[in-house]
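Analysis of the macromolecular model
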There are 2 protein chains.
Amino acid sequence: MNATSTPASTLRIVAAVPADIPTIRSLIRELAAFERLLDQAQATEEQLHEGLFGSRPSCEVVIAKLGDEPVGFALFFHNFSTFVGKPGLYLEDLYVRQQYRGQGYGEALLRHLAGLAVERGCGRFEWSVLDWNQRAIDFYKSLGAQPMSEWTIFRVTGDALTNLGTKATDANS
Amino acid sequence: MNATSTPASTLRIVAAVPADIPTIRSLIRELAAFERLLDQAQATEEQLHEGLFGSRPSCEVVIAKLGDEPVGFALFFHNFSTFVGKPGLYLEDLYVRQQYRGQGYGEALLRHLAGLAVERGCGRFEWSVLDWNQRAIDFYKSLGAQPMSEWTIFRVTGDALTNLGTKATDANS
């Protein structure tokens, strides 16, 4: 908050607090617009508050700032490796605003999260990338990340999820 | 616990309690042995207790039982969709013991978890499958799951994670 002690040129990466929710929602919508998926970005401030600070938080956010200006954010959560017996850190979204790209802020966010993963005793740090995004893939490999190419994620959503879940009652009654 | 009210032929799917930890560890090691990866199954009872019931739980387990006999288990955790603004349910491991296969218990576990996902207001239910496991892929598709084929998971682990995390200090100092 003090412009003298935190010059605009110094990047700070800080854990989000409830007052950051409007900023986080703006950044998510900026990311969605950039991906031409703005119509899919339906999260409300209430939903983000519930996910981050509600009774059963399911994710965390760190915000990268230059002075008080938000430069980007990362949203992540923990998973768990049954074999290693340790939690992992999974990065769901990483975004650097267009005007701040190419200055190492994305890498700084990745390194910050890797540091959190080590600090919290995690056995792995993971994220997903689109297959055609060769520039990102090359960058991630340069950081020591390995593609888990033999695995495919399957997803059930919408009506299919409701149907699958509803029939659960029969299977257990 | 009452053999009269819960005949051996009725499958029950119950949330794990701390007393189940030795059973869960056995099932994980059985799964690892089946996959010829027993050397990689290093999780101790203490680690599983920490992950499931510690100060910062990172996963949950349900156990499928016939009477008091464990038939299989599923380990899962929550993730979060930034666009939808809702948590998701991610299934990390599903295992049915060899002698109990082909009787619909795996499907019952999947349906149970889909039910939990709906109950908890999740927008999606996900898991990963090995690309060569066509039988599993066909089965998942028949349940309404869609392959997220255009995404690849990247993973940083071991020394690469330590290196990436350690340099975080420099980037933020």
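Here the structure is a predicted model, which is why all the values come from computation and not from measurement.

Considering the relation of the copies chain B and chain A
- Its rotation angle being 180 degrees, the transformation that places chain B on chain A also includes 0.0 Å of axial translation and leaves an RMSD of 0.0 Å. Both copies of the chain, as the preceding transformation shows, are related through a two-fold rotation axis. Taking the C-alpha atom as reference, chain B places Thr152(B) closest to the rotation axis, 3.7 Å from it.
- Both copies contact each other with a shared surface, as 100% of the interface residues of chain B are interface residues in chain A too.

Structural notes on helix H4 (residues 134–142) of chain B
- Buried residues of H4(B): Ala136(B), Ile137(B) and Tyr140(B), and no others. With its buried residues spanning 100 degrees around the axis, H4(B) presents them on a single face. Of the residues in H4(B), the exposed ones pointing more than 90 degrees away from the buried face are Arg135(B) and Ser142(B).
- Turning to H4(B), the residues buried within the fold contact strand E7 (151–157) of chain A together with helix H3 (105–119) and strand E5 (124–130) of chain B.
- Positive backbone phi, at 100 degrees, marks Gly144(B), one or two positions downstream of H4(B).

Digging into the interface of chain B and chain A
- Counting residues at the interface gives 78 residues for chain B and 79 residues for chain A.
- Between chain B and chain A the total buried area reaches about 7,100 Å² when both faces are included, carbon and sulfur atoms providing 62% of it.
- Considering only the side of chain B, the residues that lose the most area to chain A are Phe83(B), Phe154(B) and Arg155(B), jointly responsible for 14% of the buried surface there.
- Taken together, the connections running from chain B to chain A amount to 4 salt bridges.
- Scanning the region where chain B abuts chain A turns up 26 residue pairs in polar contact (both at pLDDT 80 or more).
- The class makeup of the residues in the side of chain B that touches chain A is 39 nonpolar, 24 polar and 15 charged.

What counts and what doesn't
- Residues numbered from 1 in each chain as written.
- Chains lettered and ligands numbered in written order.
- Predicted model: local features only at pLDDT ≥ 70, side-chain atom pairs only at ≥ 80, totals over all residues.
- Heavy atoms only, no water.
- Least-squares fit on C-alpha atoms with pLDDT ≥ 70 in both.
- Contact = heavy atoms within 4.5 Å.
- Buried < 20%, exposed > 50% of the residue type's maximum accessible area, 1.4 Å probe, protein only.
- Helix = DSSP H or I, 4+ residues; strand = E, 2+ residues; numbered from the N terminus.
- Arc of directions from axis to C-beta.
- Buried area = accessible area lost by both parts, 1.4 Å probe.
- Salt bridge = Lys/Arg side-chain N within 4 Å of Asp/Glu carboxyl O.
- Polar contact = N/O pair within 3.5 Å; in protein donor to acceptor, adjacent residues only side chain to side chain.
- Nonpolar A, V, L, I, M, F, W, Y, C, P; charged D, E, K, R; others polar.

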